[in-house]
Amino acid sequence: RAQVLRDEPLCRECLRRGALCAASVVDHINGDSQNNERSNLQSLCSRCHSRLTARHDGGFGNPKRCRQADLDR
């Protein structure tokens, strides 16, 4: 976790939207928490991580979704 945040200190989702925000969470891109390969990890701020997790895991009344669909967007 610490190494990923050192390598990528800014939130990847915020940067994608043109905003600068410090990352505080390391997210498993494909949702597999057992896959700790660097290519499956991304730094996010807690707000983006919560939003992403809710969207994928069915939080806030959202339907459960496969993360692969988001990788293809």
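How each quantity is defined
- Residues numbered from 1 in each chain as written.
- Predicted model: local features only at pLDDT ≥ 70, side-chain atom pairs only at ≥ 80, totals over all residues.
- Heavy atoms only, no water.
- pLDDT = per-residue confidence, 0-100.
- Helix = DSSP H or I, 4+ residues; strand = E, 2+ residues; numbered from the N terminus.
- Contact = heavy atoms within 4.5 Å.

(A) Representation of the confidence of the model for the protein. Per-residue confidence for the protein gives a mean pLDDT of 86, with 78% of residues at or over 70. The spread of mean pLDDT over the elements of the protein runs between helix α4 (residues 68–71), the lowest at 47, and strand β2 (residues 41–44), the highest at 98.

(B) Spatial organisation of the environment of L15. Its place among the elements puts L15 in helix α2 (residues 12–16). Note: C-alpha distance between L15 and L44 (29 residues apart in sequence) is 9.7 Å. Those residues in contact with L15 that sit more than four places away from it in its chain are L10 and L20.

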